[in-house]
Amino acid sequence: MTKDLTSGSPMRLILGFTVPTLLGLLFQQLYNMVDAMIVGKLLGSQALGAVGSTGSINFFVIGFCLGVCSGFAIPVAQRMGAKDYPQMRRYVANAAYLSAVIAFVLTVATGILCRDILTAMDTPADLFADANAYIFIIFMGIPVVFLYNLLASIIRALGDSRTPVYFLALSAGLNIVLDLACILLLDWGVAGGAIATVVSQAVSGVACLVYMVKRFPILRITREEGRPDADACKALCAMGLPMGLQYSITAIGSIVMQTAVNGLGSVYVSAVATAGKVYQLLACPFDAMGATMATYCGQNVGAMKLDRLGAGVRDCALLGLGYSLLALVVTALFAPQLVMLFLDTREAGVEQVIDLAAQFLLTCTAFYFPLSLVNIVRFSIQGMGFSTLALLAG
């Protein structure tokens, strides 16, 4: 069930690893897209704006969780490349302990501060109640975010980028059913979309855990390997915390921008929220490339095959350039049609939302290639073990 990325053509290995990872990210984005489409179509652009107004703070907190999980997987990938399996399992066990502690602290803190954060961000009064209901439930789901993403990151560190995709596909279908049930049948409004997202991700996390226990004998931890280890925790935190902070530092820019957009009124909030859903979907390949390069570089550093690092970065950058050009052509031709997927075109005033959203989307897509380099180079540096340098870049 594992895959060795330390031998063979870098381009072939990177493509083979990136495509399944991309499919997993697309399914993960499908959670947010289905929420947005159902909320926008059934509840209107104002409800969609309420969900969108929480996007930056969502990225700030949940992005930290994702970064920590990805960072915890880097020592695992390095020990996998070095074929030091006992230490690899020790890292896996201690990553679980650390994740449980961080998840608990974040869930309590964000639950207490949720309303104060939205107030500080100048969330429009007509969106505040729905925004608070949505993001509070998302924050209460932080433990399941850690559950799935830690397990998926560890499995990818072992070279298997396909298995997490299967469970996300199952959960994406479940999310659609739960969205419709919670919003249409139970009439829970935007809170129903958040509940559907959390429950669906919990299912994918539990399924991933059961599968990993049964099908990955290399991860069967002995009592000695499963004991808390201060040195292992220190090494994990040295990778995971800077990587999580890197996401959060980047998100500060998004929070500043969202606060400015909130001050323009609900029409602009709805436009940015709508375009943001398409933008995040189109940017998934860059996240997949970053995750691929973290594992690729981690395994090759562990195996001391340093000559393969530069070739891998160059090949992945070429993939990023090709996709960036394709995405720009697509948005230049179809930006209004793409944002209309999330809106009820019969709603009064929706034409202004569509025009603003299309403008936002096209402008962002024009700078996709620099974004691809940010992900590829930064994650490669992290995979090599230089997490502080990557944090400073962020």
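You'll find the structure just up there.
Below is a short write-up of the structure. (Residues numbered from 1 in each chain as written. Predicted model: local features only at pLDDT ≥ 70, side-chain atom pairs only at ≥ 80, totals over all residues. Heavy atoms only, no water.)

1. Section: the packing of helix α3 (residues 55–81) against helix α4 (residues 85–120)
Item 1. Interaxial distance between α3 and α4 falls to 10 Å at its minimum, and their mutual angle equals 175°. Judged by the inter-axis angle, α3 sits roughly antiparallel to α4. Contact residues: Ile57, Val61, Phe64, Cys65, Val68, Phe72, Pro75, Val76, Arg79 and Met80 in α3; Tyr85, Gln87, Met88, Tyr91, Val92, Ala95, Leu98, Ser99, Ile102, Leu106, Thr110 and Ile117 in α4. (Axes fitted to C-alpha atoms, helices over the stretch in contact; angles between N-to-C directions. Helix = DSSP H or I, 4+ residues; strand = E, 2+ residues; numbered from the N terminus. Parallel < 35°, antiparallel > 145°, perpendicular 65-115°, else oblique. Contact = heavy atoms within 4.5 Å.)

2. A word on helix α6 (residues 142–157)
Item 1. A rise of 1.5 Å per residue sets the reference length of α6, with its 16 residues, at 22 Å; its end C-alpha atoms lie 22 Å apart and thus fit the reference within 8%.
Item 2. By the criterion of burial, α6 is predominantly enclosed, with 14 of the 16 residues buried.
Item 3. Positive backbone phi, approximately 100°, marks Gly159, located one or two places after α6. (Expected span 1.5 Å × (residues − 1). Buried < 20%, exposed > 50% of the residue type's maximum accessible area, 1.4 Å probe, protein only.)

3. Here we look at the nonpolar core
Item 1. Membership of the largest hydrophobic core comes to 97 residues, with the highest contact counts inside it found for Phe72, Val76, Ile142, Phe146, Leu158 and Leu219.
Item 2. Top element by residues in this core is α3. It accounts for 12 residues.
Item 3. Not counting chain neighbours up to four residues away, the residues in contact with Phe146 comprise Cys65, Val68, Cys69, Ser99, Ile102, Ala103, Leu106 and Leu151.
Item 4. Among the nonpolar cores identified, the runner-up in size contains 6 residues, and Ile74, Met243, Ala294 and Phe379 belong to it. (Core = buried A, V, L, I, M, F, W, Y, C linked by side-chain atoms within 4.5 Å.)

4. Quick notes on the packing of α6 against helix α7 (residues 163–185)
Item 1. Running from N to C, α6 and α7 point in directions that differ by 150°, and their axes come no closer than 9 Å. What the angle tells us is that α6 and α7 run roughly antiparallel. Within the contact between the two elements, α6 uses Tyr148, Ala152, Ile155 and Arg156 and α7 uses Thr163, Pro164 and Leu168.
Item 2. Each residue belonging to the contact of α6 with α7 can be placed in one class, and the counts come to 5 nonpolar, 1 polar and 1 charged. (Nonpolar A, V, L, I, M, F, W, Y, C, P; charged D, E, K, R; others polar.)

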